[in-house]
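Each chain is listed here by its residues.
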Amino acid sequence: MEHDLASLALNPSRHSFGIIAQRCRVLLRILLLFIFVASATSVPPCAKKYCVRLSSRKIIKEENSLSFGGVPLGRKERLLQSSILAPMKAEELLTYDGISNNKSDLFQFIRKMPKGGDLHIHDISMVNIRWVISELTYLPNLYYCDTKGGKFVRYRYSDNAPEREDFCDDSWISVKERREEIGPEDFDKMLYDKMTMDNKYQGAQAAWNKFSGSIDCVGDLMYSESGFRPYFKQALTEAYEDNVLYVEVRTLMSPIVSNSGERFSREETLRRFIEVTNEFKEENPGFIGAKFIFLSVRQVWNNINQAHFPDLYAFSFIQARKDCQSLSV
């Protein structure tokens, strides 16, 4: 018996090692539990409340830091901000005319900074609205009509005066003739006011109505055989001039309408997007390219074969009004 115990002590079996290890684990757990209980009961109530407040403040601070990108500034960045950008911003605020600051030193400084890609941009809001008015509304064979009691306008390129639509307050009017009648400056200002937003809206619904009415007429001009190519080329030009080298365009991919009223397919619209993009890349080798994300508003439909455009057509996306209301599909 003694020989067996000595042998076991000198040459313990796997079974004995397992028993010892199991007992050690149990003792360790008991010790850790004791330490945890002792530390918890030894903290004064006021200290616990302080820790909770400290944690809450830390969470709020971290969330606030993420509001505008959450990138911490180093010493050089803080020096740049305080010595260059802040004075530029102060000067810009003094000269702000309520319309545009495109000529300010701050805007030009930021414009030259490298930006990589724009991963969320909408097709009908890519171009400066003043360019849209000064270029696209001066193309021949353009008609317009007032809608919603004169609050908005809609456009139509046509070889002949289009037939009146249900959404029009009255008949279609020649833009060229009306501009000559009123005077270019007053007429273009009228268009600008109806195609842009300000801050005079009572509630989200009113703001959304103004936004929708303003943006629809840009779509009329863009998704036309006359306006599509110059519009999208200008969109890429403005992005490239802002040092944006790649764009992902969210688009309704509306059918392009000819002056005779023919409506092309959505696949044809995508082909023209790609065609203009490739031409722009050839003219500007520094521009990387574009992808197109198909949008639909509160509905699910898509008649574009993605297999035909594997490299440039990304996927479909459903959007709704940006007011935190739920969307059922």
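The structure under discussion appears in the preceding block.
Owing to the predicted nature of the structure, the values given are computational and were not obtained by experimental measurement.

When helices and strands are counted, the chain shows 11 helices and 7 strands. Among the 329 residues that make up the chain, the fraction classed as buried is 30%. Residue pairs at least 24 apart in sequence account for 60% of intrachain contacts in the chain once pairs closer than 6 positions are excluded. Summing over all exposed atoms, the chain offers an accessible surface of approximately 22,000 Å²; the carbon and sulfur share of this is 57%.

This part takes up the environment of Phe 187. Tracing the chain through its elements places Phe 187 in helix α8 (residues 184-195). Taking the relative accessible area as the measure of exposure, Phe 187 reaches 0% and is therefore buried. On a C-alpha basis, the gap between Phe 187 and Val 175 in space is 9.2 Å, while along the polypeptide they are 12 residues apart. Ignoring anything within four residues of it in the chain, the contact list for Phe 187 reads Tyr 144, Val 175, Arg 178, Arg 179 and Ile 182.

Glancing now at the sheet that holds strand β4 (residues 173-174). Strands sit in the order β3-β2-β4 across an open sheet of 3 strands; the sheet is antiparallel. The strands lining the two open edges of the sheet, one partner per strand, are β3 (152-157) and β4. Here strand β2 (residues 142-147) pairs with β4 via 2 bridges, running antiparallel. Residue pairing across strands places Tyr 144 opposite Ile 173, the latter belonging to β4. The sheet strands contacting helix α9 (residues 204-222) are β2 and β3, and the helix crosses β3 at an angle near 15°.

Right, let's talk about the side chain of Ser 258 for a bit. Tracing the backbone through its elements, the reader meets Ser 258 in the loop between β5 (244-251) and α11 (266-283). Since its relative accessible area comes to 5%, Ser 258 is described here as buried. Side-chain polar atoms of Ser 258 contact the side chain of Ser 260, separated by 2.9 Å. Setting aside chain neighbours within four positions, we find Ser 258 in contact with Tyr 157, Glu 225 and Phe 264.

Okay, the packing of α8 against α9 next. Look at α8 against α9: their axes get within 8 Å of each other, and the N-to-C directions meet at 120°. Compared by their axis directions, α8 and α9 come out oblique. Every residue of α9 that contacts α8 at Asp 193, Lys 194 and Met 195 is listed here: Lys 210, Ser 214, Cys 217, Val 218 and Leu 221. Tallied by class, the residues present in the contact of α8 with α9 amount to 4 nonpolar, 1 polar and 3 charged.

Inspection of the secondary structure puts Tyr 138 in the loop between α6 (129-135) and β2. For the pair Tyr 138 and Val 175, spaced 37 residues apart in sequence, the C-alpha separation works out to 8.0 Å. Residues contacting Tyr 138, with those up to four places away along its chain left out, are Ile 133, Arg 179, Pro 184 and Asp 188. A polar atom in the side chain of Tyr 138 sits 2.8 Å from the side chain of Asp 188.

Let us look at the environment of Asn 102. Looking at the element boundaries, Asn 102 is found in the loop between α4 (75-95) and α5 (105-112). Classification of Asn 102 by relative accessible area gives partly exposed; the value is 32%.

It is worth spelling out unusual backbone geometry at this point. In this structure, Lys 148 takes a positive phi of about 55° despite not being glycine. Here Lys 148 lies in the loop between β2 and β3. With a phi angle near 50°, Met 253 is a residue other than glycine that sits in the positive phi range. As for its position among the elements, Met 253 is in the loop between β5 and α11.

As a further point, take the packing of aromatic side chains. What the rule picks out here adds up to 12 aromatic pairs. Arranged with centres 5.5 Å apart and planes meeting at 40°, the rings of Trp 208 and Phe 211 form a pair that is tilted. On the criterion of helical spacing, the pair formed by Trp 208 and Phe 211 is a turn pair, its members being 3 residues apart in helix α9. Classification of Trp 208 by relative accessible area gives partly exposed; the value is 25%.

This part is about the pattern of salt bridges. All told, the structure shown has 16 salt bridges when counted by the stated rule. Glu 181 is paired through a salt bridge with Arg 178; the nearest N and O atoms lie 2.8 Å apart. A residue pair is termed a helical-turn pair when its members lie 3 or 4 positions apart in one helix, as Glu 181 and Arg 178 do in helix α7 (residues 175-182) at 3 residues. A salt bridge links Arg 229 to Glu 275; the nearest nitrogen and oxygen atoms lie 2.2 Å apart. Residue Arg 229 is located in helix α10 (residues 228-241), and its partner Glu 275 is located in helix α11; the two are separated by 46 residues in the primary sequence. Judged by its relative accessible area of 35%, Arg 229 is partly exposed. A single salt-bridge network, built from bridges that share partners, covers Arg 111, Glu 241 and Asp 242.

The rules behind each value
Residues numbered from 1 in each chain as written. Predicted model: local features only at pLDDT ≥ 70, side-chain atom pairs only at ≥ 80, totals over all residues. Heavy atoms only, no water. Helix = DSSP H or I, 4+ residues; strand = E, 2+ residues; numbered from the N terminus. Buried < 20%, exposed > 50% of the residue type's maximum accessible area, 1.4 Å probe, protein only. Contact = heavy atoms within 4.5 Å. Areas by Shrake-Rupley, 256 points an atom, 1.4 Å probe, with all protein chains shown as cover. Pairing = 2+ DSSP bridges. Axes fitted to C-alpha atoms, helices over the stretch in contact; angles between N-to-C directions. Polar contact = N/O pair within 3.5 Å; in protein donor to acceptor, adjacent residues only side chain to side chain. Parallel < 35°, antiparallel > 145°, perpendicular 65-115°, else oblique. Nonpolar A, V, L, I, M, F, W, Y, C, P; charged D, E, K, R; others polar. Phe/Tyr/Trp six-rings, centres within 6.5 Å; stacked < 30°, edge-to-face > 60°. Salt bridge = Lys/Arg side-chain N within 4 Å of Asp/Glu carboxyl O.

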